[in-house]
Amino acid sequence: MIAPGAGVRVYLACGRTDMRKGLDGQAMLVQQVFGGNPFDGAVYAFRGRRAGQIKLLWHDGVGLCLLTRRLERGAFAWPQSGTALMSLSPAQLATLLEGCEWRAPVQSLRPTLAG
C-alpha cells in the first residue's frame, strides 16, 4: 500500500462529502470550503453518505493522489458534526483505514508477572 510518512498531517472532513467528485473536485473542495492547501503534503480524508467508503487526497511531492478504500462489511467511524476539519495522527489514520474505532482505541493490558 502507498503510505505517507510518519510526520504527515492528516485532516478528516467531518460530515458527508459528495463522493462523485474526482481528483480536481476534491482538491477544489479542500481549497474553497476548508481553506487548506491540497499541495502541502497533508492527507485529507472524506466520507460520503455510504459509510463503507472513504477517499484520501494526498500530494506526495510529485503529484496528487486520490486513494479510495472500501470496506466489504461494516462502516468507517466518522464524526457527523463539529468543526469542518478534524486533525488526526498518522496512527489514527492507519486505524481508520483498517475499519476499526480510531477515536478511543481499547488498550490491551499485559500481565506484569508470570505465574
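A short tour of the structure in this document, coming up. Every value quoted in this text rests on a predicted model; they were computed, and no experiment measured them.

Notes on helix α1 (residues 23–32)
- Within the sequence span of α1, burial applies to Gln 26, Ala 27, Leu 29 and Val 30. The arc that holds every buried residue of α1, seen down its axis, measures 155°, which confines them to one face. In α1, the exposed residues that point more than 90 degrees away from the buried face are Asp 24 and Gln 32.

Focus on the pattern of salt bridges
- The full count for this structure, using the stated rule, is three salt bridges.
- Notably, a salt bridge pairs Asp 18 with Arg 20, separated by 3.0 Å at the nearest N-O pair.
- For Glu 72, the salt bridge is made with Arg 70, and the minimal N-O distance between the two is 3.4 Å. The burial state of Glu 72 is the same as that of Arg 70; both residues are exposed.

Regarding the environment of Asp 40
- In this fold, Asp 40 is placed in the loop between α1 and β2 (43–47).
- By relative accessible area, Asp 40 is classed as partly exposed at 33%.
- In sequence terms Asp 40 and His 59 are 19 residues apart; their C-alpha atoms lie 6.9 Å from each other.
- Of note is the side chain of Asp 40, whose polar atom sits 3.0 Å from the side chain of Arg 9.

Quick notes on the environment of Gly 41
- Mapping Gly 41 onto the fold places it in the loop between α1 and β2.
- Assessed through its relative accessible area of 22%, Gly 41 is described here as partly exposed.
- Measuring from C-alpha to C-alpha, the distance between Gly 41 and Leu 64 comes to 9.2 Å, with 23 residues separating the pair along the chain.
- Excluding residues within four positions of it along the chain, Gly 41 makes contact with Val 8, Trp 58 and His 59.

Details of the layout of surface pockets
- Approximately 210 Å³ is the volume found for the largest pocket.
- What lines the largest pocket is simply Thr 17, Asp 18, Met 19, Arg 20, Gly 48, Arg 49, Arg 50 and Gln 53.
- Taken together, the residues of the lining of the largest pocket break down into one nonpolar, three polar and four charged.

Some details on the nonpolar core
- Among the nonpolar cores identified, the biggest contains 17 residues, and Val 43, Ile 54, Leu 56, Trp 78, Leu 93 and Leu 96 are the most heavily contacted of them.
- Secondary-structure elements contributing two or more residues to this core are β1 (10–13), β2, β3 (53–59) and α2 (90–97).
- In this structure Leu 56 touches Val 43, Tyr 44, Ala 45, Cys 65, Leu 66, Leu 67, Leu 93 and Leu 97, once residues within four positions along its chain are discounted.
- Ranked by size, the runner-up nonpolar core spans eight residues in total, among them Ala 27, Ala 42, Tyr 44 and Leu 57.

Rules used in this analysis
Residues numbered from 1 in each chain as written. Predicted model: local features only at pLDDT ≥ 70, side-chain atom pairs only at ≥ 80, totals over all residues. Heavy atoms only, no water. Buried < 20%, exposed > 50% of the residue type's maximum accessible area, 1.4 Å probe, protein only. Helix = DSSP H or I, 4+ residues; strand = E, 2+ residues; numbered from the N terminus. Arc of directions from axis to C-beta. Salt bridge = Lys/Arg side-chain N within 4 Å of Asp/Glu carboxyl O. Polar contact = N/O pair within 3.5 Å; in protein donor to acceptor, adjacent residues only side chain to side chain. Contact = heavy atoms within 4.5 Å. 1 Å grid on protein atoms, 1.4 Å probe; cavity = no way out; pocket = protein on both sides within 12 Å on 5 of 7 lines; lining within 4 Å. Points joined across faces, edges and corners; volume = space filled by probe spheres on them. Nonpolar A, V, L, I, M, F, W, Y, C, P; charged D, E, K, R; others polar. Core = buried A, V, L, I, M, F, W, Y, C linked by side-chain atoms within 4.5 Å.

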